[in-house]
Amino acid sequence: MKGNQTMPNTAIRIQQFTKEYPVPRQKEKRVAVSNLTLAVPTGGLFGFLGPNGAGKTTTIKMLLGFLPPTVGEAWLFDRPVGDDRARQRVGYLPEQPYFPKFLSALEVVKAHAGLSGLAGNRAKERIELCLRQVNMWDNRHMILSKCSKGMTQRVGLASALVGDPDLLIMDEPSSGLDPLGRKELRELLTALKNDGKTIFLSSHLLSEMESVCDRVGVMARGKLVACGTPAEITRAGDGVRVQIEQAERDEVLNTQIADWGGSVEAAGEGSAYLRVPSALVYKVMGLLETRRARLVAVTSQRETLEDAFLRLVS
Ligand SMILES: Nc1ncnc2c1ncn2[C@@H]1O[C@H](COP(=O)(O)OP(=O)(O)OP(=O)(O)O)[C@@H](O)[C@H]1O
Ligand SMILES: [Mg+2]
């Protein structure tokens, strides 16, 4: 938070956003976003999820005032998106960051620091900190035409962060990053969150985002189909999955599991999954001991965010 500005409770408020794009040689318009109403609380990480073409980038562009909505309005920290004082508090990482190829990583981040109103020592400090945060300090003099896709993404990320924004809007931030880069990104997002920042990001990488998202909104065909905490969105399964290893197929075990209302599914040689009601888990453990089956893992059958996503968008 800057100066003595008070922090509103809502970082982003979208009221009935609709965007229609004209389609060449057709009378009918393409509805990219339809009647979207959404509030993102201040602090924490909001995952804006949805398959290709769901309307995420269109929403983000309207939110930043780059694209006028056909219908609807939005506010950043309670100020209309067009208000400069609202935009000053926002850092943006576009889906495909584009920078002049002849500039170095350092020059790009410096230019963004200037755009954010930073100067002097404060600018220097922020530039170095952000380039270090994205692991580009050692490569800061590399010109963009020599940077790999992942390195360009890191420069984009440093540019979005350099103004120390209260709200960071990121469109597919993990795109182009290798597994280590994605892990570092998650750590960076967690640190920013712990520092009180609000992060709004779109992503396809649901299994990775599950651990860092405080809330998610799921878009499908331009509409918001679900919104809440990951726990609210995923359905609880009514049982557990028990993975076992056994020397050979055991009919006695299989019959008993079926009698208890469970099922057995072979999973390759010597391995099987039992699905059983949660209440019977200790009975099953006892049975496994008498049948000399080796227990490998017991997991809840709760949906993952990815399962919920596939259910919601199909
Ligand atoms: N400038 C444009 N003109 C016409 N149609 C567009 C334009 N931009 C996007 N669209 C259409 O709007 C819909 C939503 O696109 P958008 O880019 O917002 O989706 P997205 O959720 O960001 O997808 P992705 O995950 O692939 O980035 C798509 O059907 C797309 O073809
Ligand atoms: Mg997009």
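In case you missed it, the structure is sitting above this.
Notes on the structure in this doc start here. Note that the structure is predicted; figures quoted are calculated from it, not measured. Just so you know, the residues in each chain are numbered from 1, in the order the chain's sequence is written. Labels are handed out in written order, letters beginning with A for the chains and numbers beginning with 1 for the ligands. A pLDDT threshold of at least 70 governs which residues receive local features in this predicted model, and a stricter bar of 80 or more applies before side-chain atom pairs are shown or counted, although totals over entire chains, interfaces and linings include all residues.

Our next topic: the packing of helix α3 (residues 105–115) against helix α5 (residues 149–161). Between α3 and α5, whose axes approach to 8 Å, the crossing angle comes to 25°. On the basis of their axis angle, the class for α3 and α5 is roughly parallel. As α3 runs across α5, the sense of the crossing is right-handed. The residues of α5 that touch α3, namely those facing Ala105, Val108, Val109 and His112, are Val155, Ala158 and Ser159. Classification used: nonpolar for Ala, Val, Leu, Ile, Met, Phe, Trp, Tyr, Cys and Pro, charged for Asp, Glu, Lys and Arg, polar for all others including Gly. Tallied by class, residues from the contact of α3 with α5 come to 5 nonpolar, 2 polar and no charged. Angles run from 0 to 180 degrees between N-to-C directions of axes, and those axes are lines fitted to C-alpha atoms, restricted for helices to the stretch in contact. To qualify as a helix, a DSSP run of H or I must reach at least 4 residues; to qualify as a strand, a run of E must reach at least 2; elements of each kind are numbered from the N terminus. Angles below 35 degrees are treated as roughly parallel, those above 145 as roughly antiparallel, those between 65 and 115 as roughly perpendicular, and all remaining angles as oblique. By convention, the crossing between two helices is left-handed when the near helix turns anticlockwise from the far helix through less than a right angle, and right-handed when the turn is clockwise. For every residue pair, C-beta atoms are placed from the backbone, and the pair is scored as a contact if these atoms sit within 7 Å.

Nearness here is judged by the C-beta atom: place it from the backbone, and if it falls within 6 Å of a molecule or strand, the residue counts as near that partner. Neighbouring ligand 1 are the residues Tyr21, Arg30, Ala32, Gly50, Asn52, Gly53, Ala54, Gly55, Lys56, Thr57, Thr58 and Glu95. Those elements that place two or more of their residues in the shell around ligand 1 are β2 (30–41) and α1 (56–63). The element contributing the most residues to the shell around ligand 1 is α1, with 3 residues. In terms of residue class, the shell around ligand 1 is built from 3 nonpolar, 6 polar and 3 charged.

What follows deals with the nonpolar core. Nonpolar cores are built from buried Ala, Val, Leu, Ile, Met, Phe, Trp, Tyr and Cys residues. These are joined into a set through C-beta atoms within 7 Å. Comment: burial labels come from other C-beta atoms within 10 Å of the residue's own C-beta, placed from the backbone, where a count of 20 or more is buried, 12 or fewer is exposed, and between is partly exposed. One finds Val109, Val155, Ala158, Ile169 and Phe200 to be the most contacted residues of the largest nonpolar core, which totals 62 residues. Excluding anything up to four places from it in sequence, Ala158 contacts Val109, Cys130, Leu131, Gln133, Val134 and Met136. Within the second largest apolar cluster, 10 residues are counted, among which are Val242, Val264, Val276 and Val284.

The subject of this paragraph is the pairing of strand β1 (residues 10–21). Two strands qualify as a pair provided that DSSP identifies no fewer than 2 bridges between them. Sheet topology note: the β1/β2 ladder contains 8 bridges and is antiparallel. Paired with Lys19 across the bridge in β2 is Val33. Where β1 and strand β4 (residues 71–76) come together, 5 bridges link them in antiparallel fashion. Paired with Gln15 across the bridge in β4 is Glu73.

This part takes up the sheet that holds strand β6 (residues 90–93). Sheet architecture is open: 6 strands sit in the order β6-β7-β8-β3-β9-β10, paired in mixed fashion. The outermost strands of the open sheet, each flanked by one partner alone, are β6 and β10 (223–228). Strand-to-strand twist of the sheet, defined as the mean angle between neighbouring strand axes without regard to direction, takes the value 15°. Sheet analysis places strand β7 (residues 167–171) next to strand β8 (residues 198–203), joined by 5 bridges and oriented parallel. Bridged to Ile169 within β8 is Phe200. Against the sheet, helix α11 (residues 305–313) touches β3 (44–49), β9 (215–220) and β10, its axis set at about 30° to β9.

For the rest of this paragraph, the subject is α3. Those residues of α3 that sit buried are Ala105, Val108, Val109, Lys110, His112 and Ala113. Structurally, α3 contributes buried residues whose contacts are with α4 (120–133) and α5.

Below, the discussion takes up the sheet that holds strand β11 (residues 239–245). With respect to topology, 4 strands assemble into an open sheet ordered β12-β13-β11-β14, the strand pairing being antiparallel. At either end of the open sheet lies a strand with only one pairing partner, and these are β12 (263–266) and β14 (294–300). Between one strand axis and the next, the sheet turns through 20° on average, direction left out of account. As defined by bridge partners, β11 adjoins strand β13 (residues 271–277) across 7 bridges and the pair is classed as antiparallel. Within β13, the residue paired with Val242 across the bridge is Leu274.

In this section: unusual backbone geometry. One non-glycine residue, Asp164, lies in the positive phi region at around 55°. Looking at the secondary structure, you find Asp164 in the loop between α5 and β7.

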